[in-house]
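# Coordinates in review
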Amino acid sequence: MLTAFEERNNGTDLDDAIKHHRSALQLTPEGHPRHSSSPNNLANALRTQFDQRGGGKDLDGANEHHQNALQLMPEGHPQCSSSLSSLAIALQTRFEQQGDGKDLDQAIEHHQNALQLTPEGHPQRSYSLSSLAIALWTRFEQRGDGKDLDEAIEHHQNALQLRPQGHPQRSSSLNNLGIALGTRFEQRGDGKDLDEAIEHHQNALQLTPEGHPQCSYSLSSLAIALWTRFEQRGDGKDLDEAIEHHQNVLQLTPEGHPKHSYSLSSLAIALKTRSEQRGDGKDLDEAIEHHQSALQLMPEGHPQHSSSLNNLGIALWTRFEQQGDGKDLDEAIDHHQNALQLTPEGYPQHFSSLSSLAIALWTRFQQRGDGKDLDEAIEHHQNALQLTPEGHPQRSSSLNNLAIALGTRFQQRGDGKDLDEAIEHHQNALQLTPEGHPQRSSSLNNLPLSWGHDFSSELTPEGHRQRPSSLHNLGIALWTRFEQQGDGKDLDEAIDHHQNALQLTPEGDGKDLDEAIEHHQNALQLTPEGHPQRSSSLNNLAIALGTRFQQRGDGKDLDEAIEHHQNALQLRPQGHPQRSSSLNNLGIALGTRFEQQGDGKDLDEAIEHHQNALQLTPDGHPQRISSLNNLANALGTRFDQRGDGKDLDEAIEHHKNTLQLTPEGHPKRSYSLSSLAIALQTRFQQRGDGKDLDEAIEHHQNALQLMPEGHPQNSCSLSSLAIALWTQFEQRGNGKDLDEAIEHHQNALQLRPEGNPQRSSSLNNLGIVLGTRFEHRGDGKDLDQAIEHHQNALQLTPEGHPQRSYSLSSLAIALWTRFEQQGDGKDLDEAIDHHQNALQLIPEGHPQHCCSLINLAIALGTQFEQQGDGKDLDEALQLSYAAVEQSVTDLSNLTAHRHLAALHLILWSTQHKEKNLQDAMYHYKKAAEFAHANLFKGLSCCQTWIRVAEQHHHMSALDAYTKTLHLLDYHISATTSVLSQHQTQKHFPPDLAVNAASCALHQGDICHAVEILEQGRALHWTQIARFRTSLEDLYSQDPSTHTLVGQFQNLSALLNRHAALSLTHDKSRTELEARERHYRNLLQQWNKVVEEIRTIKGFSHFLLPSLFADLQEAACKGSIIILIASAFSCDAIVVLYMQSPIHLPLKITLQELHDLVLQLGHNNQHPQGPDYSTFIEVMGELWKKVMLPVVQKLKGFVRKHSRIWWCPTSVFTALPLHCAGEYKEGGQVLSKLFVSSYTPSLSALIKARTRNAKMTQEMTFAAIGQATPDTSGTSVKFAPLHYIDQELSEIEAVLPIPPGMFTKVMGFEATRDQALKMLVDNQWLHLSCHGMQVPQEPFKSFLAMADGQVSLLDIINANISAHEFAFLSACETAMGDLSTPDEVIHLAAGLQFMGVKSVIGTLWHVNDEVAYKLVSPFYKEFCKNGTLDCTMAARALHEAVGTLAKDGVPLQDRAMFVHIGI
């Protein structure tokens, strides 16, 4: 029945056979002559059933019956050797199933005993030899002891000799010997073994023709050997023949055959190999189909089910590697996980299941960046390692696998512990593979994996199939040492291991890179035309040549690299899995040649290749990220050359897509962040959109956080962030950005020691930022250090180095700067020499050619000014015009036009031709058009334009002022808070607006003079007012604008909140930068909404600088006199209602006004008290040179005792204009002619008149008094005020309002919070307390309360948008900041700008008693009609001051009180 089963493969036959054998065993009791043979027969049947169905009980039963049979055979029994062999085979089978090495050792022992029982001449000796050989071969496979393998081959050879031609088992012996020789070839690489193995298999096949029961086995064995030879020698005929044999085997084992699943798997493996070599996806799809069919034939419970799952998983993983379909990878992992569940701990396949799953998870991590996959892969590798204790043949492999995964995690997270552990595992693996071990070369090659490179190799003697791979590995390691240059000991040791693996001792002391290329060339020679690895050899050699070009700049290397890449691409046609890689490599090399030689065709071809590569890597493909990056980088390069913004936008889009594909935890995320940041930075430099720069810096900072200290890319991230911060400094002028940039560059330099290929770049970068700091702070040490760094960088970029031109230019600029400072002609000569050499290295069309032209032109222009050689000037002009023609960026246009303007000025100074002057002004104007490219350089250029135009009395001066004020307003508006705005404005001339107005007056344009003053003064208040603008008129006019109005109001509220914030020192730099970025983002949105509002009829001028026709409305209640104090002239403009303005030149200079202010200030601060005669003298001088011509003109338009308003500028703001006069008998005094008020601007006066009072039923008045404020914890000390109580009581007694509407807060109740509450809740206010102007930080000027201070910043934050009146009976409340007088920053102005219509303040220190004496007559006059009217405050103050005069209060004490507003 068993024979029938073997013939028909009918399971019923097998079941019947076992049943009969069991019955036979029961019928042959002990003593029966067939008692020993019955257990053997039953055991054989059970083992056959195990082979068919996989039941472990069958196998155990078979072993038990074989052992029983052996025990029943006394020594010398003729069947003893047969029983020993049967038992050995059963034990061997159980070993293969369960992995217990004791079973295998016991099996070999039984085979050896059986052999001893079959001496030479015994008919079963060949069988015993063969069986023992198979068992020894199995043990070699498990433990790797070469003695076992050699002994197995010897036994197979002896068995073959005993089976001559015609012997029925000769074909089996031939196949067995062939298999063992093939195994030895795989371990030692001797091709003779492999050729002999194939010869034996071919002979076996001849002995087993079609129809022979062993034909399929012979075909299969020969196919495997041919496949192995293909792997070594690359002859496709071997592979095709192997597949043909496997296909024939499959036909011989049809569905239902017990070997059908095995045949499917074998054919699938060969087809997968062919797909990997030729890129035919059909082969791989067919392989997967066969693996799936095989899996269906091995259901759960089948002994080979787990192996089939793993085989299918590996094939799916391969297809993912080729086609990038993530579903394949997920399915592969799923199969490996299922296989692992079927092979729990203790199963012999548990180790391979763990390893296969770990590799697949590692691959998925590489694609998707989920750190959980990587951690799980490492965990599985660690578990696999525990299953391979000391002595296990797979321990070295397990150590290497774990080391590779740990090295990957180091690359992702930068934890040095992972790197140390990886190296330790590689070293341990190497110790387990001593000289002669079949895996030693693999261990040697794996050691450098910790550096992030993928090496794999086997034995490597001459002629070995893996010799090309080992040559490649050595080349890669040498290249790594060149690239990395970190700890040389580690890398030297890595290279030493590779050299040992290759068994080469290169002659001489050639450089690493040359040696690497030599090895790659040798590898290429070993992969001739038609070799499956030739494209890889071409590719690797090309990469090494490209690297040498980067180091030495020899164009031949680059051309040869491109040629090899092109040849490799031809060997990878459409459908080849590596085609996209070749396209990318060729694209990169062509891009490099473009950067060197400037041929645009190379760049266009590079982009085309990258685009094709991207099409071959769709979403989900593991190489899509690199394809996107490569295309984006190439498009960015083309933008740099041609300036087409579409290229840059497309590059940024690709970088953003890349970032989306690299989520948090992805190993490439930091690189994606950096690449996108660099592209955004470039777009900022082109278009000036601050949002791009903010986003770039944020991405650089995030990238740096992903590269902690010790991370191999930390230096690159530091350098990139530093460059972005330097750019931000150039744009916004925050010195902290510059200092931080220098710190990051210094840290990057420390991470790039001598020998690091990026050291020259770091030296140049650090030199540039130090040079920038010198230009802004003037510390010569910075400049000297910058030059030293540039000189060191130049030494590291010798002739032929691709970065030499950059090093030459950087050093030249620094030397030119030092010449400008110190005047040493050697510096200038050397600078010109370096610029000329740099230009020669940069061909026309190169992105940096334009900059190089400008740099040389600047230096030659300087030399002309020093030496007067006209050739220098002519060449400088020629170079500058060429630069303008080639300029593709706004920044280069700005620089080129600015320098052309300077050169034409030099021409004008030597030739005095009007055309030269006109050309100079034209180029200044053109340069200003590109000012947004670099705001600080643009502002600097415009200021130079102003200076030159004023110097030559050129009509373009007014345009220069207008442009400058516009840029300054833009710059101030982009600054987050009013405090930072004030600090920023201090970096610019405080007299821009008054000089601009003076210029307009000299050109006869009075109206423009008024407009430009309004535009350029009180910028802080203007900015706040923009965010508090009402749009009620728009909504009432067109209700459909509801959404737009809502957007404007919401954004304005958010921006207003930001603008009023203080600069808190407890915030981190990161938090402050985040706040600033948020502010600028809101501002950009707000600007877009404003632009949309301007498209609506009637709102085209919304929030634009006011026109004179609108500003004239301020004079509707009385004339306004604007006083202008400029370095060019001092003037008055009388603004009349519905009449043309009047210009009055004043016969006083700015210096004379300064003298008056100083005289007044010294007098006020005199230690023995002010000298009143000095004050009167100053007032007399002010009357004679300023007021008299104004009054004479006013008399023709204004009645006596009428109200007039003063709008002083510059130093006029520090003078009590209302008190000017001849204080002598018969003299004229301004206060006797007119009632004076002040306004900081015409717009402020207009807004005060148009504000509506809060809709309350009753008016409310709050009087706040604080005589003894708490000054603990501060350096400020105040004397007690003695008249506070009387002052507030007088007010309460006089006010014509019900008691319930009056609130008086005094003493300890007058706290900061209470004062602010009163300020908000009451429309009418009187504050009697100490006050102080803080000159250094005027927004911190304050009114002192019981527990703290009410600052000007608090007033800005308060909602007082419709208040009527405030009397500040305190010192210095209208004093102002003399460093920026036109910003009018004091407490009284703050109240007025924020919404209080009428305010009384003080110009300097006020005497407590004088204030009390003034308050009583003021309020009596203010309330004399029985009502409160804020428009009466000016006249009431005028009368009250007159009362003080009658009481004998000195003029200086009376003059300090001023009225501001309506």
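Our subject is the structure that appears above.
Right, let's walk through the structure included here. Only a predicted model underlies this, so the values are computations on that prediction, with no experimental measurement involved. (Residues numbered from 1 in each chain as written. Predicted model: local features only at pLDDT ≥ 70, side-chain atom pairs only at ≥ 80, totals over all residues. Heavy atoms only, no water.)

Assigned secondary structure in the protein consists of 62 helices and 14 strands. Split into buried and exposed, the 1462 residues of the protein put 57% on the buried side. In the protein, 67% of the contacts between residues at least 6 apart in sequence involve partners at least 24 apart. With the model as given, the accessible surface of the protein reaches about 61900 Å², and the carbon-plus-sulfur share is 48%. (Helix = DSSP H or I, 4+ residues; strand = E, 2+ residues; numbered from the N terminus. Buried < 20%, exposed > 50% of the residue type's maximum accessible area, 1.4 Å probe, protein only. Contact = heavy atoms within 4.5 Å. Areas by Shrake-Rupley, 256 points an atom, 1.4 Å probe, with all protein chains shown as cover.)

Counting through the fold element by element, Pro 168 comes out in the loop between α8 (146-161) and α9 (170-188). Through-space distance from the C-alpha of Pro 168 to that of Thr 208 is 9.8 Å; in sequence the pair is 40 residues apart.

A word on the pattern of salt bridges. Here the structure, examined in full by the defined rule, presents 49 salt bridges. Ionic pairing is found between Arg 364 and Asp 373, a salt bridge with its closest N-O pair at 2.9 Å. The residues Arg 364 and Asp 373 share a single accessibility class, namely buried. Where Asp 1313 meets Arg 1312, a salt bridge forms, and the shortest distance between an N and an O atom there is 3.3 Å. Note on Arg 1312: relative accessible area 26%, which makes it partly exposed. One connected set of salt bridges, linked through shared partners, spans Asp 195, Arg 229, Arg 233 and Asp 238. (Salt bridge = Lys/Arg side-chain N within 4 Å of Asp/Glu carboxyl O.)

Attention now moves to unusual backbone geometry. One non-glycine residue, Leu 1103, lies in the positive phi region at around 60 degrees. Locating Leu 1103 in the fold gives a position in the loop between α51 (1069-1093) and α52 (1108-1111). The partly exposed category is assigned to Leu 1103, whose relative accessible area is 21%.

Further remarks concern the sheet that holds strand β10 (residues 1342-1344). The strands making up a sheet associate through backbone hydrogen bonding, with each pair oriented either parallel or antiparallel. The three strands are arranged β9-β10-β11 in an open sheet whose pairing can be described as antiparallel. A single partner strand is all that each edge strand has here, and the edge strands are β9 (1331-1332) and β11 (1349-1351). Examined bridge by bridge, β10 and β11 share three bridges and lie antiparallel to one another. Paired with Leu 1343 across the bridge in β11 is Val 1350. (Pairing = 2+ DSSP bridges.)

The next subject is the packing of aromatic side chains. Within the structure shown, the criterion is met by 21 aromatic pairs. A centroid spacing of 5.5 Å and a plane angle of 65 degrees characterise the contact between Phe 1048 and Phe 1102, whose relative ring orientation is edge-to-face. On the criterion of sequence distance, the pair formed by Phe 1048 in helix α50 (residues 1042-1059) and Phe 1102 in the loop between α51 and α52 is long-range, its members being 54 residues apart. Classification of Phe 1102 by relative accessible area gives buried; the value is 9%. Pairwise contacts between aromatic rings join Phe 1261, Phe 1302, Trp 1324, Phe 1365, Phe 1367, Phe 1418, Tyr 1419 and Phe 1422 into one cluster. Between the NZ or CZ atom of Arg 1249 and the centre of the ring of Trp 1205, over which it lies, the distance is 5.0 Å. (Phe/Tyr/Trp six-rings, centres within 6.5 Å; stacked < 30°, edge-to-face > 60°. Lys NZ or Arg CZ within 6 Å of the ring centre and 35° of its normal.)

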